[in-house]
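Listed below are the residues making up each chain.
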Amino acid sequence: MLTINNLVKRRGTQEILSGISFEARPGRVTGFLGPNGAGKSSTLRILLGLDHATSGSALIHGKPFAELQHPLRTVGAALDGSGAHPMRTGRAHLRWIACAAGLPRSRVEEVLDVVGLTKAAGTRVKQYSLGMGRRLGIAAALLADPELLVLDEPVNGLDPEGIRWIRTFLRQRAEAGNTVLLSSHLMGELAETVDDVVIIKQGRIVADGTLEEVTGSHSTLEQAFFALTSEHAGDLR
Amino acid sequence: MNIQAGRKFTRILGAEWGKLVTLPAVWLILAGTFVAQWVLTAAYTSVALQEGAILSAGLASMRYLQAGFMMLGVTATASEYTGGQIRTTLTALPWRGLQLSVKHLALVMIAVPAAFLMAASGVLYASLMLRDTAVGLEPDLIAASLAGATGYLTFTALLGAAAGAIWRRTTPALVILLGYYFIVSPLAGAYLPDYLPDTAGYYMYAPPSADPHNALTRMQGTGISILWTLLFITAAILLYRKRDA
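Residues numbered from 1 in each chain as written. Chains lettered and ligands numbered in written order. Predicted model: local features only at pLDDT ≥ 70, side-chain atom pairs only at ≥ 80, totals over all residues. Heavy atoms only, no water.

## Overview of the confidence of the model for chain B
Residue and element names in this part refer to chain B.
And step 1. For chain B, the average pLDDT comes to 89, and 94% of its residues sit at 70 or higher.
And step 2. When pLDDT is averaged over each helix and strand of chain B, the minimum, 74, is found for helix α3 (residues 54-58) and the maximum, 97, for helix α5 (residues 85-92).
And step 3. Our summary of model confidence lists the complex with pTM equal to 0.92 and ipTM equal to 0.92. (pLDDT = per-residue confidence, 0-100. Helix = DSSP H or I, 4+ residues; strand = E, 2+ residues; numbered from the N terminus.)

## Topic: the layout of surface pockets
Residues and elements named next belong to chain B.
And step 1. Computed from the structure, the largest pocket encloses a volume of approximately 370 Å³.
And step 2. As for the largest pocket, its lining consists of 19 residues, and the residues nearest its centre are Arg63, Asp198, Tyr202, Tyr205 and Ala206.
And step 3. For the lining of the largest pocket, the elements supplying multiple residues, two or more each, are α3, α4 (62-78), α7 (139-167), α8 (170-188) and α9 (197-205).
And step 4. Element by element, the count of residues in the lining of the largest pocket is highest for α9, at five residues.
And step 5. Across the lining of the largest pocket, the residue classes break down as 11 nonpolar, five polar and three charged. (1 Å grid on protein atoms, 1.4 Å probe; cavity = no way out; pocket = protein on both sides within 12 Å on 5 of 7 lines; lining within 4 Å. Points joined across faces, edges and corners; volume = space filled by probe spheres on them. Nonpolar A, V, L, I, M, F, W, Y, C, P; charged D, E, K, R; others polar.)

## What about the interface of chain A and chain B?
And step 1. In this complex, chain A contributes 35 residues to the contact, which on the side of chain B involves 31 residues.
And step 2. When the area that chain A buries against chain B is broken down by residue, the three leading residues are Leu50, Arg88 and Trp96 of chain A, summing to 25%.
And step 3. Where chain A meets chain B, there are two salt bridges.
And step 4. Lysine 9 of chain A is the salt-bridge partner of aspartate 244 of chain B, the closest N and O atoms lying 2.7 Å from each other.
And step 5. Inspection of the chain A/chain B interface yields 15 residue pairs in polar contact (both at pLDDT 80 or more).
And step 6. Per element, the largest residue contribution to the side of chain A that touches chain B is seven residues, and it comes from helix α3 (residues 90-101) of chain A. (Contact = heavy atoms within 4.5 Å. Buried area = accessible area lost by both parts, 1.4 Å probe. Salt bridge = Lys/Arg side-chain N within 4 Å of Asp/Glu carboxyl O. Polar contact = N/O pair within 3.5 Å; in protein donor to acceptor, adjacent residues only side chain to side chain.)

## Section: the environment of valine 125 of chain A
And step 1. Within the secondary structure, valine 125 of chain A sits in the loop between α4 (105-114) and α5 (130-142).
And step 2. Spatially, the C-alpha atom of valine 125 of chain A lies 29 Å from that of valine 29 of chain A, the residues being 96 residues apart in sequence.

## Points about the sheet that holds strand β3 (residues 29-33) of chain A
Remark on secondary structure: sheet strands pair via backbone hydrogen bonds, oriented parallel or antiparallel.
Residues and elements named next belong to chain A.
And step 1. Taken together, the six strands give an open sheet; going across it, the order is β5-β6-β7-β3-β8-β9, and neighbouring strands pair in mixed fashion. Here the strands that pair on one side only, and so sit at the sheet edges, are β5 (75-78) and β9 (204-210). Between one strand and the next, the sheet's axes are offset by a mean angle of 15°, whatever the strand orientation.
And step 2. As defined by bridge partners, β3 adjoins strand β8 (residues 196-201) across four bridges and the pair is classed as parallel. Across the sheet, residue phenylalanine 32 finds its bridge partner in β8, namely valine 198.
And step 3. The sheet strands contacting helix α9 (residues 221-229) are β3, β8 and β9, and the helix crosses β8 at an angle near 30°. (Pairing = 2+ DSSP bridges. Axes fitted to C-alpha atoms, helices over the stretch in contact; angles between N-to-C directions.)

## Things to note about the confidence of the model for chain A
And step 1. Taken as a whole, chain A shows an average pLDDT of 92; of its residues, 97% reach a score of 70 or greater.
And step 2. Helix α7 (residues 187-190) of chain A is the least confidently modelled element of chain A, averaging 75 in pLDDT, while α3 of chain A averages 98, the highest of any element.

## Focus on the pattern of salt bridges
And step 1. On inspection of all chains with the given rule, the structure shows 19 salt bridges over all chains.
And step 2. In this structure, the salt-bridge partner of arginine 25 of chain A is aspartate 196 of chain A, at a minimum N-O distance of 3.3 Å. Taken together, the residues span a long stretch of sequence, with arginine 25 of chain A in the loop between β2 (14-24) and β3 and aspartate 196 of chain A in strand β8 at a distance of 171 residues.
And step 3. A relative accessible area of 36% places arginine 25 of chain A in the partly exposed class.
And step 4. Between glutamate 80 of chain B and lysine 103 of chain B there is a salt bridge, with the nearest N and O atoms lying 2.9 Å from each other. Of this pair, glutamate 80 of chain B sits in the loop between α4 and α5 while lysine 103 of chain B sits in helix α6 (residues 96-129), placing them 23 residues apart in sequence.
And step 5. With a relative accessible area of 3%, glutamate 80 of chain B lands in the buried category. (Buried < 20%, exposed > 50% of the residue type's maximum accessible area, 1.4 Å probe, protein only.)

## Let's talk about the sheet that holds strand β1 (residues 2-11) of chain A
All names here are of chain A.
And step 1. Spatially, the three strands line up as an open sheet ordered β2-β1-β4, and their pairing is antiparallel. Of all strands in the sheet, those with a lone pairing partner are β2 and β4 (55-60), marking the two edges. Strand-to-strand twist of the sheet, defined as the mean angle between neighbouring strand axes without regard to direction, takes the value 20°.
And step 2. Of the strand pairs in this sheet, β1 and β4 are connected by five bridges, and their pairing is antiparallel. Opposite asparagine 5, over in β4, you have serine 57 as the bridge partner.
And step 3. Those strands touched by helix α1 (residues 40-47) are β1, β2 and β4, and its axis lies near 115° from that of β1.

## Brief notes about a nonpolar patch on the surface
Residue and element names in this part refer to chain B.
And step 1. Residues Phe9, Trp17, Leu98, Leu105 and Met109 make up a contiguous nonpolar surface patch of about 390 Å² in total accessible area.
And step 2. Elements with a contribution of two residues or more to the nonpolar patch: α1 (2-21) and α6.
And step 3. When residues in the nonpolar patch are grouped by element, the largest group, three residues, is from α6. (Patch = residues over 30% accessible without salt bridge, like charges linked within 9 Å, V, L, I, M, F, W, Y side chains within 5 Å. Areas by Shrake-Rupley, 256 points an atom, 1.4 Å probe, with all protein chains shown as cover.)

See below:
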């Protein structure tokens, strides 16, 4: 269970997040949607302990990320890019993460196979395409078979086959009882994948509910999103 | 609980060691420093043939060697900020103070043998080249000088690592460190006190001075160098814990 409670983040005089609250529950894929700059990545960074909140909390099973005893076994995270040094090979990158989680090297080969990077594992990350970098980031997130997945814009840079793969994969993870939280600004890609939807606009949550509830009377999630986040839309929550 | 803490420490050390040894820049810096050290030692030894001072000739390249160890240290920490690796590091090892401390320890595990090999090979080369003209040296003095040189280069690498963590980018950290060690200190050395990192560190490996009123002892130099290193690492850890990644 992921719980964001009244989260506020200020940078200088600018308020990035203005008291946002929502939950991501086990067995469901939660889509965290919003236009670029709405505060999605800032929220995920605070959830993962990368940035400090000005006030409020972001908890995983009731604890801040830094207090988790086994972070990689609890949360698998993939933020933008590969998250790897460009001069290291994909395999070497995954191996030090495996070491951090106390996993055998054989697990590295398994996840390389899962994301289709086995052939490129010995290549330096700087030679990876955008999509290969994303696959490496996802491989790192899956390494310790975590209970929760937190993915920032997971379909960015993936080819159609990769997008289809990740949709199916995320559904399987949720159906196995895991919690999946993913952010995106691409509504069309997500409508078939998510169970719950949280929409953020300018640092405030403007909609939070099941896919059906948020879509409401609109014909698609995309239309609901634009109605909720357009310039003149009110807070419909 | 102790077993768990021990396992956690071992995993962090393994991960940080793995990161260092799979970074090509680490090996390029060490290889480049080793080659430069040999060239400089050969040059200094040929000049010293008349004087027969083995330790002075063998350790004469220390001043330049320290640049390599600074680069090694800065690379170890500043490389975290290339390609967004810091995000992966902090989601895998979110205990910031412990993780950065252990990263410094992993660096020590590379810096100590590398520094000893470089210092010892320099002294060995000088002693072979100067064997006909040099006066005999006390084994204790050689051992103390080599230990001091190894310690000084290791502390320099640790200072570099702390600077890399503070500035989070290689270029500014190196410009500031190299600017101090190679421009400010040589030009203003007469006006600067003996307890600054480079001058205090010099007394860790230099032969005992003929003018005891104007010099630190080896132990004083070592103590002051340890304090500087701890000060920089503490500042780096405090900032690392406080700042957004």
